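# A look at the structure
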Amino acid sequence: MKTLIINGTIVDPSQKLEGKGYLRIEDGKIKECALGEAPKALNDEKVIDAKGAYVTPGFIDLHVHLREPGQESKETIESGSNAAVAGGFSTIVCMPNTIPPIDHVSLVKFILLEGKRVGKANVLPTGTISKGRAGEELSEIGEMYKAGIVAITDDGSPVMNSFLMSRASEYAKMFDLLVMDHCEDINFKGSMNEGFYSTKLGLRGTPSISEEIMLMRDILVAGYTGGRIHLQHVSTGLGIYMVRDAKSRGVKVTCEVTPHHMSLTDADLETYDTNFKMSPPLRTEKDRQKLIEGLMDGTVDCIATDHAPHTYTNKDVEFDNAPNGIIGMETALPVSYTTLVKENKMPVMRLVELMSTNPAKILRLKAKGSLKAGSDADVTVWSADTEYKIDTAAFKSKARNCPFQGKSVYGKVNLTIVGGEVKYEA
Amino acid sequence: MPWTKKDLLGLEKLTAEEITIILDTAKAFSQIATRSIKKVPALQGKTVVNLFFEPSTRTRVSFEVAEKRLSADIVNVNIAASSVTKGETLLDTVKNLCAYRIDAIVVRHSCAGVPHYLAENIEPSIVNAGDGMHEHPTQALLDIYTLREKFGDLKGLKVAIVGDISHSRVARSNIWGLQKLGAKVTVVGPSTLMPREIEKMGEGVEVSYDLPATLKKVDAVNMLRIQREREQQVQFPSLREYARYFGLSTKLIDQTPESLIVMHPGPINRGVELSGTVADGPRSVILQQVTNGLAVRMAVLFLVTGGTKISEE
Ligand SMILES: [Zn+2]
């Protein structure tokens with residue numbers, strides 16, 4: 001199948017390409033990508049008019065929870081894949097904190113098979129660091145690597161045992177496999193950020209140091225072993241500072257920031273709305289500014305959603321009793337675009353780098369995150385010229401636990417192409 | 001200015017005028033308690049549910065007596081938060097009660113924000129009888145009522161609140177209420193039990209770790225009950241050491257100005273935060289607080305259910 005996308009603004013950080021141009025797709029690969037006047041369409045070429053829209057490499061989300069197996073009432077690989085392409089994501093990386101956890105090659109194969117059966121976004125599994133996510137013994141990392149995991153993580157929980165973490169880092173190095181960590185010292189227990197607002201609201205606070213202590217631990221471990229560490233959902237200003245410092249010392253560290261941490265703060269919890277409860281919690285405005293600084297200056301490598309679906313009943317409870325997490329794939333582009341490009345003047349090129357080029361690099365996906373000829377034809381066509389209000393009723397995800405309902409935003413996905421095929425059309 | 005609110009969720013969102021309306025209404029009700037027939041028909045035909053998810057004797061009894069004196073029909077529902085029927089949510093429980101067309105719910109819950117959550121989701125008036133570490137507005141109102149009785153105007157009055165400020169809803173409600181009426185608050189306690197950035201709760205708020213020095217400068221001291229449960233073991237070393245630094249002993253009270261009054265929301269840990277002699281001594285207004293609590297709760301229930309003027313018969 002052949003496709004020609006015309007009249008759009010090509011933005012491809014991998015080639016430093018930005019401007020009016022065209023894109024040619026053939027047999028699931030990018031055939032040609034160039035600026036300037038589009039050539040005449042071939043007879044067997046389907047033409048897509050991207051007038052007024054950006055044409056960028058497909059977005060890649062390094063952090064989603066698809067809940068399958070085990071919690072299919074919250075989300076499935078199918079509903080999550082639909083949400084992904086509706087949000088412009090052609091590739092998603094799912095976390096292993098399912099029930100049972102993805103700690104064995106058979107489960108890795110299940111995720112891959114089901115992802116392919118659904119056939120929307122590329123679904124890439126991660127495996128747990130520890131068996132049963134119990135934080136005690138290493139999982140069969142090598143076996144899972146062979147089956148196709150792209151990283152190991154115990155996400156949902158941190159690896160509290162530093163000895164185990166150092167062994168995991170050392171072991172994963174053999175496969176050049178990425179270790180991801182949810183940084184949190186679980187001895188600090190709270191349901192929001194500790195600070196003025198937790199004091200005011202009478203909610204138990206989790207201090208920023210709960211995250212920063214483990215983040216620094218992970219940097220130290222990676223520095224010592226020489227392994228690659230990816231710090232998940234960094235939420236504090238000091239965290240950004242420590243990543244910047246570690247990078248300057250040559251530690252193989254990368255990190256992600258979520259759309260919600262860059263756009264919301266602990267002050268938003270005043271209504272006790274459980275859709276603002278997640279881990280790590282929303283931090284202070286000062287932290288938020290530092291996250292934006294890190295996103296702007298290159299310290300932060302990518303935007304990841306930590307898409308965490310819960311049922312309506314799960315979340316419609318007392319704040320303390322509500323589970324952590326919010327959905328994010330269908331709001332990632334508008335929230336990030338509005339926060340970073342509209343409010344903070346980030347170049348669109350940098351935004352695309354954060355949402356596609358860099359996540360591909362972190363996962364060593366050579367054929368993704370780029371519109372270069374020969375790359376996989378994963379393409380997102382999106383526009384940002386009109387303001388609209390987020391409406392969760394229209395979401396493809398099974399879940400509605402979203403703090404952005406009714407928020408005025410810019411940035412809308414028009415078309416998501418995966419492997420040369422249109423998988424979503426607005 | 002008349003009272004317009006359907007709920008009493010906390011003191012943070014009330015104005016000084018609204019607090020004054022409650023206090024003035026309570027004053028009128030307090031006279032009823034001195035009569036031989038102590039009942040008024042103000043809430044006749046109305047149903048009030050006392051919904052307690054946390055064990056409480058004092059607050060629940062106080063509300064219950066207040067409701068009876070107002071001639072309300074009362075339903076007491078005590079549910080241990082742990083034994084809420086599996087699968088049923090808090091909202092299910094409360095909506096079931098609402099199906100009886102009740103008029104008000106007095107709610108206590110160990111989770112902060114529960115009264116706000118209910119008020120957003122149901123029709124009847126909600127009175128917060130304590131939500132987690134957040135607010136306990138009627139307790140603060142009775143504390144303030146007691147102070148007003150002793151000192152008149154609260155402008156410029158200095159009040160110390162002593163104890164586990166972190167976990168105290170009484171402290172938070174007092175901080176909001178006292179500041180709105182122009183009083184200044186010094187919170188005193190171990191640094192591990194002092195919530196972060198509490199001084200940002202207002203210009204009148206000061207933090208101190210020195211009880212003797214603070215007591216020399218204040219007009220009233222509110223001693224909070226100190227508990228040392230399992231999770232508190234890393235917060236401070238022992239009750240003995242706590243009492244040494246933050247307990248109000250006979251010796252310490254003797255070093256304070258004669259006019260200083262001692263309050264306590266009860267129940268008292270005698271010999272820990274407060275010596276028995278001080279609790280029973282001339283500076284203590286603890287039992288007056290209890291009496292005032294009744295009038296304050298009558299006033300609150302009366303106002304939130306739409307009462308405007310207290311009928312004589
Ligand atoms: Zn996580």
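Residues numbered from 1 in each chain as written. Chains lettered and ligands numbered in written order. Predicted model: local features only at pLDDT ≥ 70, side-chain atom pairs only at ≥ 80, totals over all residues. Heavy atoms only, no water.

### Quick notes on the overall build of chain B
Short version of the rule: Only DSSP runs of H or I with at least four residues qualify as helices, and only runs of E with at least two residues qualify as strands; both kinds are numbered from the N terminus onward. Atoms counted for the radius of gyration: C-alpha only. Globule rule: 2.2 Å times residue count to the power 0.38. Should any heavy atoms of two residues lie within 4.5 Å, those residues are considered in contact. For accessible areas, the Shrake-Rupley method is used with a probe of radius 1.4 Å. Any residue's cover is judged against the shown protein chains and nothing else. Residues scored as charged are limited to Lys and Arg (positive) and Asp and Glu (negative), so that His and the chain ends carry no count. Lysine's charge is taken at NZ, arginine's at CZ, aspartate's at CG and glutamate's at CD.
A tally of helices and strands in chain B yields 11 helices and 9 strands. Taking 2.2 N^0.38 as the reference for a compact globule, 313 residues should give roughly 20 Å; the C-alpha atoms of chain B span a radius of gyration of 19 Å, in line with that estimate. Its C-alpha atoms give chain B principal-axis dimensions of roughly 55 × 50 × 35 Å. At a minimum sequence separation of 6, the contacts of chain B that also span at least 24 residues come to 72%. Accessible area for chain B stands at about 13,800 Å²; split by element, carbon and sulfur atoms hold 50% of it. In chain B, 38 positive and 35 negative side-chain charges are present, and the distance between their average locations comes to 3 Å.

### Section: the overall build of chain A
Our working definition: Here's how the labels work: a residue is buried when its accessible area is under 20% of the maximum for its type, exposed when over 50%, partly exposed in between, all with a 1.4 Å probe on protein chains only.
Looking only at helices and strands, chain A has 12 helices and 20 strands in total. Along the longest, intermediate and shortest principal axes, the C-alpha atoms of chain A span 65 × 45 × 45 Å. When burial is assessed residue by residue, chain A has 64% of its 426 residues classed as buried. Within chain A, contacts between residues separated by at least 24 positions form 73% of all contacts whose residues are at least 6 apart in sequence. Just so you have it, chain A exposes about 15,500 Å², and 51% of that area is on carbon and sulfur atoms. Distance between charge centroids for chain A: 3 Å, based on 50 positive and 56 negative side chains.

### Some points on the packing of aromatic side chains
Residue and element names in this part refer to chain A. Inclusion rule: Only the six-membered ring of Trp is used, alongside the rings of Phe and Tyr, when aromatic pairs are assigned; centres must lie within 6.5 Å, and planes under 30 degrees apart are stacked while those over 60 apart are edge-to-face, with the rest tilted.
Throughout the structure, instances matching the rule amount to 11 aromatic pairs over all chains. Relative to F175, the ring of Y171 has its centre 5.8 Å away and its plane inclined at 70 degrees; by these criteria the two rings are edge-to-face. With a relative accessible area of 21%, F175 lands in the partly exposed category. Summarising the aromatic geometry, the rings of F196 and Y197 are spaced 5.1 Å apart at their centres and angled 70 degrees between planes, so their arrangement reads as edge-to-face. Owing to a relative accessible area of 15%, F196 belongs among the buried residues under this scheme.

### Here we look at the packing of helix 4 (residues 162–173) of chain A against helix 6 (residues 208–225) of chain A
When two helices pack together, their arrangement is given by the angle between their axes and by how far apart the axes lie. Residue and element names in this part refer to chain A. To keep things clear, this is the line we draw: Fitted lines through C-alpha atoms give the axes, limited to the stretch in contact for helices. The angle between two N-to-C directions lies from 0 to 180 degrees. In what follows, roughly perpendicular refers to angles from 65 to 115 degrees, roughly parallel to angles under 35, roughly antiparallel to angles over 145, and oblique to any angle outside these ranges. Here is the rule for handedness: rotate from the far helix to the near one, and if that takes an anticlockwise turn smaller than a right angle the crossing is left-handed, while a clockwise turn gives right-handed. Three classes are used, and their members are as follows: Ala, Val, Leu, Ile, Met, Phe, Trp, Tyr, Cys and Pro are nonpolar, Asp, Glu, Lys and Arg are charged, and the others, Gly among them, are polar.
The geometry of helix 4 relative to helix 6 is characterised by a closest axis approach of 9 Å and an angle of 45 degrees between their N-to-C directions. On the basis of the axis angle, helix 4 is oblique to helix 6. For the pair helix 4 and helix 6, the sense of crossing is right-handed. Each of S162, M165, S166, S169, E170 and K173 in helix 4 lies in contact with helix 6, whose residues at this interface are R217, D218, V221, A222 and T225. Class assignment for the residues of the contact of helix 4 with helix 6 results in 3 nonpolar, 4 polar and 4 charged.

### Structural notes on the sheet that holds strand 8 (residues 122–125) of chain A
All names here are of chain A. The following threshold applies: DSSP bridges decide pairing: two strands pair if at least two such bridges lie between them.
Taken in spatial order, the 3 strands line up as 6-7-8 in an open sheet, and their pairing is parallel. Each edge of the open sheet is held by one strand with a lone partner, namely strand 6 (59–64) and strand 8. Along the sheet, successive strands turn relative to each other by an average axial angle of 20 degrees, direction set aside. As defined by bridge partners, strand 6 adjoins strand 7 (residues 89–94) across 4 bridges and the pair is classed as parallel. The residue of strand 7 that forms the bridge with F59 is F89. Contacting strand 7 and strand 8, helix 1 (residues 77–86) crosses the sheet at an angle of about 135 degrees to strand 7. Lying over the sheet, helix 2 (residues 105–118) contacts strand 7 and strand 8, oriented at roughly 175 degrees with respect to strand 8.

### Thoughts on helix 2 of chain A
All names here are of chain A. How we decide: Multiply 1.5 Å by the residue count of a helix minus one, and that product is the helix's expected span.
The terminal C-alpha atoms of helix 2 lie 20 Å apart, and with 14 residues this matches the ideal 20 Å at 1.5 Å per residue to within 8%. Buried residues of helix 2: V105, L107, V108, I111, L112, E114, G115 and V118, and no others. Elements in contact with the buried residues of helix 2: helix 1, strand 7, strand 8 and helix 3 (141–147). Just downstream of helix 2 lies G119, where phi reads positive at about 65 degrees.

### Some remarks on the nonpolar core
Selection criterion: As used here, the term nonpolar core means buried Ala, Val, Leu, Ile, Met, Phe, Trp, Tyr and Cys residues forming a set that is joined through side-chain atoms within 4.5 Å.
With 77 residues, the main nonpolar core has I152, L231, L295, L340, L351 and W382 of chain A as its most contacted residues. A129, L141, V159 and F302 of chain B belong to the second largest nonpolar core, which has 63 residues in total.

### Description of the pairing of strand 10 (residues 178–181) of chain A
Residue and element names in this part refer to chain A. Convention followed: Convention used here: a crossover is right-handed provided that the path from the first strand, over the helix, to the second strand proceeds clockwise when the strands point away from the viewer.
Neither face of strand 10 is open: one carries L178 and M180, the other V179 and D181, and all of them are buried. Across 2 bridges, strand 9 (residues 151–152) lies against strand 10 in parallel orientation. Opposite I152, over in strand 10, you have V179 as the bridge partner. In this view, the connection linking strand 9 to its parallel neighbour strand 10 by way of helix 4 has right-handed handedness. As defined by bridge partners, strand 10 adjoins strand 13 (residues 229–231) across 3 bridges and the pair is classed as parallel.

### Structural notes on the interface of chain B and chain A
The condition is simple: Two parts lose some accessible area (1.4 Å probe) when they are put together, and adding that loss for both gives the buried area. Whenever a carboxyl oxygen of Asp or Glu lies within 4 Å of a side-chain nitrogen of Lys or Arg, that contact is scored as a salt bridge. Under the rule applied, a polar contact is a pair of N or O atoms within 3.5 Å (in protein, one hydrogen donor and one hydrogen acceptor; residues adjacent in sequence only if both atoms are side-chain atoms).
With 25 residues of chain B at the interface, the matching set in chain A holds 20 residues. Of the roughly 1,700 Å² buried between chain B and chain A, counting both surfaces, carbon and sulfur atoms make up 58%. Linking E12 of chain B and K200 of chain A is a salt bridge whose minimum nitrogen-to-oxygen distance equals 2.9 Å. The interface formed by chain B and chain A holds 6 residue pairs in polar contact (both at pLDDT 80 or more) in total. Every element with two or more residues in the side of chain B that touches chain A is listed here: helix 3 (90–98), helix 4 (114–121) and helix 6 (169–180) of chain B.

### Looking at the packing of helix 1 (residues 16–32) of chain B against helix 5 (residues 137–151) of chain B
Residue and element names in this part refer to chain B. Viewed as axis vectors pointing N to C, helix 1 and helix 5 meet at an angle of 70 degrees, and their least axial separation amounts to 11 Å. Taken together, the axes of helix 1 and helix 5 lie roughly perpendicular to each other. Between helix 1, through I19, T20, I22, L23, D24, A26, K27 and S30, and helix 5, the contact on the second element is made entirely by L141, I144, Y145 and R148. Classifying every residue of the contact of helix 1 with helix 5 by side-chain character gives 7 nonpolar, 2 polar and 3 charged.

### Some thoughts on the coordination of the zinc ion
Residues and elements named next belong to chain A. Worth spelling out the cut-off: Keep in mind that water is not among the atoms, so a site may look incomplete; donors are the N, O and S atoms within 2.8 Å of the metal, or 3.2 Å for Na, K and Ca.
Within the protein, the zinc ion binds to D155 (OD), H182 (ND1) and H233 (NE2); these donor distances fall in the range 2.0 to 2.2 Å. With relative accessibility at 4%, the residue H182 sits in the buried group. What makes H233 buried here is its relative accessible area of 1%.

### Considering the domain arrangement of chain B
How big an interface is tends to be stated in terms of the accessible area lost upon association of its parts. Residues and elements named next belong to chain B. Operational definition: Those domain boundaries reflect an automatic or database domain assignment.
Taken domain by domain, chain B comprises domain 1 (16–135 + 293–304) and domain 2 (137–290). For domain 1 and domain 2, the distance between their C-alpha centroids amounts to 25 Å. With 27 residues of domain 1 at the contact, the number on the domain 2 side is 22 residues. Roughly 2,000 Å² is buried in total at the junction of domain 1 and domain 2, and carbon and sulfur atoms are behind 61% of that figure. At the surface where domain 1 touches domain 2, the tally comes to 2 salt bridges.

### As for the pattern of salt bridges
Residues and elements named next belong to chain A. Enumeration over the complete set of coordinates arrives at 36 salt bridges over all chains. D44 is paired through a salt bridge with K2; the nearest N and O atoms lie 3.1 Å apart. Of this pair, D44 sits in the loop between strand 3 (29–35) and strand 4 (45–49) while K2 sits in strand 1 (residues 2–12); the two residues are 42 residues apart in sequence, bridging distant segments of the chain. What makes D44 partly exposed here is its relative accessible area of 48%. A residue is classified by how much of its surface remains accessible, and K2, at 22% relative accessible area, is partly exposed. The residue E32 makes a salt bridge to R24 at a minimum N-O spacing of 3.6 Å. Sharing partners across several salt bridges, the network here consists of K29, K368, D376 and D378.

### Description of the environment of S279 of chain A
All names here are of chain A. Looking at where S279 falls in the secondary structure, it is placed in the loop between helix 8 (259–263) and helix 9 (285–297). Look at S279 and you get buried, because its relative accessible area is 17%. Aside from chain neighbours lying at most four places away, what touches S279 is H182, E184, H233, D306 and N324. At 3.4 Å, the side chain of S279 forms a polar contact with the side chain of E184.

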